[in-house]
Amino acid sequence: MARAQFQKGQRVWVECVGAWTTVEKVQPVWAKGFDEPVRVTYDVGLGREFQAHELMVPMVDPGTREIENWRLLRARNKWQQPDDCLHHPVPGTYPVVVTDTADWGGWRVPGAEYDRDPGKIEFQSRLIAAAPQLFALAQSLMEVVSESPEDAPPQTLALAQRAREIVRPIAEVTGPPAEYAILNEATPQAA
């Protein structure tokens, strides 16, 4: 017996197409003598019917639940002496964005790329280091507006909507529907 795992209007990721879409129709297939449908397919407006295992639901990425304090450090440039790179903002070093409490892990740039345009890389490093605070600011804006959207000025509503559009692909990752994931965990894997 089959059970619908998605509902009409639900946002889903179609892996084989590589696109987000919404479920337009839930199409159960009935057989005589059965109380429940034997199969359920979904019309998502892409020209054919899809089964549940071909669709994925957005989930909150566990990495976005707790944003730690990212920080910008400087590492010694092993490839060039400070006298050879006087055009760099801080000769003899390059920026490193550390995303772990142990001062390792994060974002680094190859030396040749840094040497080509150090100003651009310095800006990128500051932007990446500030990303958690900007993400938290966007979430706060969305929360404030969602508490009383009718009282918010139109410009604030537009900003909150734009923030939601920006945050959604960051915070949501795709995954199978919950029931399908449970079935897969119960199935022994071939070694």
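The coordinates are above.
Presented here is a report on the structure given in the accompanying data block. (Residues numbered from 1 in each chain as written. Predicted model: local features only at pLDDT ≥ 70, side-chain atom pairs only at ≥ 80, totals over all residues. Heavy atoms only, no water.)

### A word on the pairing of strand β1 (residues 11-14)
For the record, the criterion: Strands pair, by our definition, only if DSSP identifies at least two bridges between them. Comment: elements are numbered from the N terminus, with helices defined as DSSP H or I runs of at least four residues and strands as E runs of at least two.
Of the pairings in the sheet, the one linking β1 to strand β2 (residues 19-22) comprises four bridges and is antiparallel in character. From the neighbouring strand, V14 faces β2, where its bridge partner is A19.

### Some thoughts on the sheet that holds strand β8 (residues 93-98)
The following threshold applies: Residues count as neighbours in contact if any of their non-hydrogen atoms are within 4.5 Å of one another. In this analysis, axes come from line fits to C-alpha atoms, helices being fitted only over the stretch in contact, and the angle between any two N-to-C directions falls in the range 0 to 180 degrees.
In spatial order, the strands read β7-β8-β9; together these three strands make up an open sheet with antiparallel pairing. Strands with a single pairing partner mark the edges of an open sheet, and in this sheet they are β7 (71-76) and β9 (106-107). Packed onto the sheet, helix α2 (residues 118-147) meets β7, β8 and β9 and runs at close to 20 degrees relative to β8.

### Observations concerning the packing of aromatic side chains
What counts, and what does not: Here is the rule: rings of Phe, Tyr and Trp (six-membered ring for Trp) pair when centre to centre is within 6.5 Å. Planes less than 30 degrees apart are stacked, more than 60 are edge-to-face, and the remainder are tilted. The cut-offs for exposure are 20% and 50% of the maximum accessible area for each residue type, with area from a 1.4 Å probe on protein chains only; residues under the lower value are buried, those over the upper are exposed, and the others partly exposed. Here, over-ring charges are defined by two tests on the NZ atom of lysine or the CZ atom of arginine: distance to the ring centre within 6 Å, and angle to the ring normal within 35 degrees.
Across all of its chains, the model carries two aromatic pairs by this definition. Between F6 and Y42, the aromatic rings sit 5.2 Å apart at their centres with planes inclined by 85 degrees, giving edge-to-face as the arrangement. Highlighted residues: F6 in the segment before β1 and Y42 in strand β4 (residues 39-43), separated in sequence by 36 residues. Here F6 matches Y42 in class, with each residue buried. Judged by centre distance (5.3 Å) and plane angle (65 degrees), the rings of W13 and W20 are edge-to-face. The ring of W20 carries R11 above its face, with NZ or CZ at 4.0 Å from the centroid.

### Observations concerning the nonpolar core
Put simply, the rule reads: The set of buried Ala, Val, Leu, Ile, Met, Phe, Trp, Tyr and Cys residues whose side-chain atoms join them within 4.5 Å is what this entry labels a nonpolar core.
Counting eleven residues, the largest nonpolar core is built from F6, V12, V14, V23, V40, Y42, V44, F50, A52, L55 and V57. At the level of elements, β1, β4 and β6 (55-60) are the ones that each hand at least two residues to this core. Residues in contact with V44, not counting those within four places in the same chain, are V12, V14, T21, T22, V23, E24, F50 and L55.

### Some words on the sheet that holds strand β5 (residues 49-50)
In space, the three strands of this open sheet follow the order β3-β4-β5, with antiparallel pairing throughout. Strands at the two margins of the open sheet, each flanked by one partner only, are β3 (25-29) and β5. As paired strands, β3 and β4 are joined by five bridges and run antiparallel to one another. In the sheet register, V26 faces β4, and the bridge partner there is Y42.

### Some details on the pattern of salt bridges
Rules: Any carboxyl oxygen of Asp or Glu that lies within 4 Å of a side-chain nitrogen of Lys or Arg is treated as forming a salt bridge with it.
With the rule as written, the count across this model stands at three salt bridges. A salt bridge links R74 to E122, with the shortest nitrogen-to-oxygen separation between them at 2.8 Å. With R74 in strand β7 and E122 in helix α2, the pair connects residues that are 48 residues apart, well separated along the chain.

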